[in-house]
Amino acid sequence: MPNYESKEALIAEIQKMYKLFDQEFDEIPEQQKDLRIPEVDRTPQEMLAYQLGWLTLVTGWEKDERAGKEVITPSPDYKWNQLGPLYQHFYETYQGNSLAELRDLFKQNVEELCQWIGLLSEKELFQPGVRKWTVTTVNWPMSKWIQINSVAPFKSFRTKIRKWKKTVNNTIK
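Described in the following lines is the structure provided in the data block. (Residues numbered from 1 in each chain as written. Predicted model: local features only at pLDDT ≥ 70, side-chain atom pairs only at ≥ 80, totals over all residues. Heavy atoms only, no water.)

## Focus on the overall build of the protein
This is how the line gets drawn: Strands here mean DSSP runs of E at least two residues long; helices mean DSSP runs of H or I at least four residues long; both are numbered from the N terminus. As a reference, a globule follows 2.2 Å times the number of residues to the power 0.38, and the radius of gyration itself is taken over C-alpha atoms. Contacts are residue-level and defined by heavy atoms, with any inter-residue pair within 4.5 Å sufficient. All accessible-area figures derive from a Shrake-Rupley calculation using a 1.4 Å probe, and residue coverage is judged against the displayed protein chains alone. Two residue types count as positive, namely Lys and Arg, and two as negative, namely Asp and Glu; His and chain ends fall outside the count. Every charge is mapped onto a representative atom, which is NZ of Lys, CZ of Arg, CG of Asp or CD of Glu.
In terms of regular secondary structure, the protein is built from seven helices and zero strands. Relative to a compact globule of 173 residues, whose C-alpha radius of gyration would be 16 Å, the protein shows 17 Å and is just as compact. In terms of overall dimensions, the protein has a C-alpha envelope of 55 × 35 × 25 Å along the principal axes. Excluding contacts between residues fewer than 6 apart, the proportion of contacts in the protein whose partners are at least 24 apart in sequence is 71%. Total accessible area on the protein is roughly 9300 Å²; 49% of this is exposed by carbon and sulfur atoms. Once the 24 positive and 24 negative side-chain charges of the protein are each reduced to a mean point, those two points are 4 Å apart.

## With respect to helix H4 (residues 99–119)
Put simply, the test is: Helix span, as expected, comes to 1.5 Å for every residue beyond the first. Burial classes follow relative accessibility: with a 1.4 Å probe on protein chains only, a residue under 20% of its type's maximum area counts as buried, one over 50% as exposed, and anything between as partly exposed. Summarising the geometry, the arc corresponds to the directions from the helix axis toward the C-beta atoms.
With 21 residues, H4 extends 30 Å between its outermost C-alpha atoms, agreeing within 8% with the 30 Å of an ideal straight helix rising 1.5 Å per residue. Those residues of H4 that sit buried are Leu-99, Leu-102, Arg-103, Phe-106, Asn-109, Val-110, Leu-113, Cys-114, Trp-116 and Ile-117. One face of H4 carries all of its buried residues, which in axial projection span an arc of 160°. Residues of H4 that are exposed and angled more than 90 degrees away from the buried face: Gln-115 and Leu-119.

## Comments concerning the layout of surface pockets
Selection rule: Points on a 1 Å grid, built from protein atoms alone, make a cavity when a 1.4 Å probe fits but cannot get out and make a pocket when they are open with protein on both sides within 12 Å along at least 5 of 7 lines; residues with an atom within 4 Å of a point are the lining residues. Grid points are joined across faces, edges and corners, and a volume is the space filled by probe spheres set on the points. Residues are grouped as follows: Ala, Val, Leu, Ile, Met, Phe, Trp, Tyr, Cys and Pro are nonpolar; Asp, Glu, Lys and Arg are charged; every other residue, Gly included, is polar.
If you add up the space inside the largest pocket, you get close to 300 Å³. For the largest pocket, the lining is made up of 19 residues, of which Thr-56, Leu-57, Pro-74, Ser-75 and Pro-76 are closest to its centre. Counting residues per element, the ones that place at least two in the lining of the largest pocket are helix H2 (44–66) and helix H3 (83–93). The dominant element in the lining of the largest pocket, judged by the number of residues it contributes, is H2, at six residues. Here the lining of the largest pocket is built from residues that sort into 10 nonpolar, six polar and three charged.

## So, the packing of H2 against H4
For clarity, the cut-off: A fitted line through C-alpha atoms represents every axis, and for helices the fit uses only the stretch in contact; the resulting angles, taken between N-to-C directions, go from 0 to 180 degrees. If an angle is under 35 degrees, it is roughly parallel; if it is over 145, roughly antiparallel; if it lies from 65 to 115, roughly perpendicular; otherwise it is oblique. Crossing handedness: left-handed means the near helix sits turned counterclockwise from the far one by under a right angle, and right-handed means the same turn made clockwise.
Across the interface, H2 lies against H4 with an axial gap of 10 Å and an inter-helix angle of 30°. Accordingly, the angle class assigned to the pair H2 and H4 is roughly parallel. For H2 against H4, the interelement crossing comes out left-handed. Between H2, through Gln-45, Leu-48, Gln-51, Leu-52, Leu-55, Thr-56, Val-58, Thr-59, Glu-62 and Lys-63, and H4, the contact on the second element is made entirely by Leu-99, Leu-102, Arg-103, Leu-105, Phe-106, Asn-109, Val-110, Glu-112, Leu-113 and Trp-116. Residue composition of the contact of H2 with H4, grouped by class: 11 nonpolar, five polar and four charged.

## Focus on the packing of aromatic side chains
Selection criterion: Two rings from Phe, Tyr or Trp (for Trp, the six-membered ring) form a pair when their centres sit within 6.5 Å of each other. Planes less than 30 degrees apart are called stacked, planes more than 60 degrees apart edge-to-face, and all others tilted.
On inspection of all chains with the given rule, the structure shows 18 aromatic pairs. Aromatic side chains Phe-21 and Phe-106 sit 5.8 Å apart centroid to centroid with 85° between the ring planes, which places their arrangement in the edge-to-face category. In this pair, Phe-21 sits in helix H1 (residues 7–23) while Phe-106 sits in helix H4, placing the two residues 85 residues apart along the sequence. With relative accessibility at 0%, the residue Phe-106 sits in the buried group. With a centroid separation of 4.6 Å and 25° between ring planes, the pair formed by Tyr-50 and Phe-157 is classed as stacked.

## Describing unusual backbone geometry
Here the bond from Thr-73 into Pro-74 is cis, since omega is -5°, no more than 30 degrees from zero. In this structure, Pro-74 sits in the loop between H2 and H3.

## Remarks on the packing of H1 against H4
How two helices sit against one another is set out by the angle between their axes and by the gap between those axes. At a closest axis distance of 9 Å, the pairing of H1 and H4 adopts a crossing angle of 175°. Our classification of the angle between H1 and H4 gives roughly antiparallel. Residues Lys-7, Leu-10, Ile-11, Ile-14, Gln-15, Tyr-18, Phe-21, Asp-22 and Gln-23 of H1 touch H4, and the partners they reach there are Arg-103, Phe-106, Lys-107, Val-110, Leu-113, Cys-114, Ile-117, Gly-118 and Leu-119. Residues of the contact of H1 with H4, tallied by class, amount to 11 nonpolar, three polar and four charged.

Written out as structure tokens, the structure is:
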């Protein structure tokens, strides 16, 4: 995992990787957003729903803890050994959205994430154990939780969507 020197560096990396990932959807037609191919384990809609689901969870953990609520990770309805059903929940939650709507929501969630990070102190962001929700399963600093639920999947899913596009384009030709 990258060791970010500042919250500004983390925000810059999130924004950079978000833009690279989001741009991959520029040429995907709406009618193909749910196209499943054997070579890639998710459709374009599912890739965006996954990102939206995790970003919503992470920012929600923080909102709940600050409101004095008990935070249950990953969610009250799913345990860490139930990630498959959690992902299915993400896909179903955003199933009715168009590709443009999904991208708009994704942009809004990334902006909210970056604004929130900007309000955190360096101690809150980089010191383990400052928030209860960051020590529920492992004792990571908040920056690592954020990184593994934003920058890391933005990178890995960019590879997936590029493979999806290449395969679909080669099939259509």
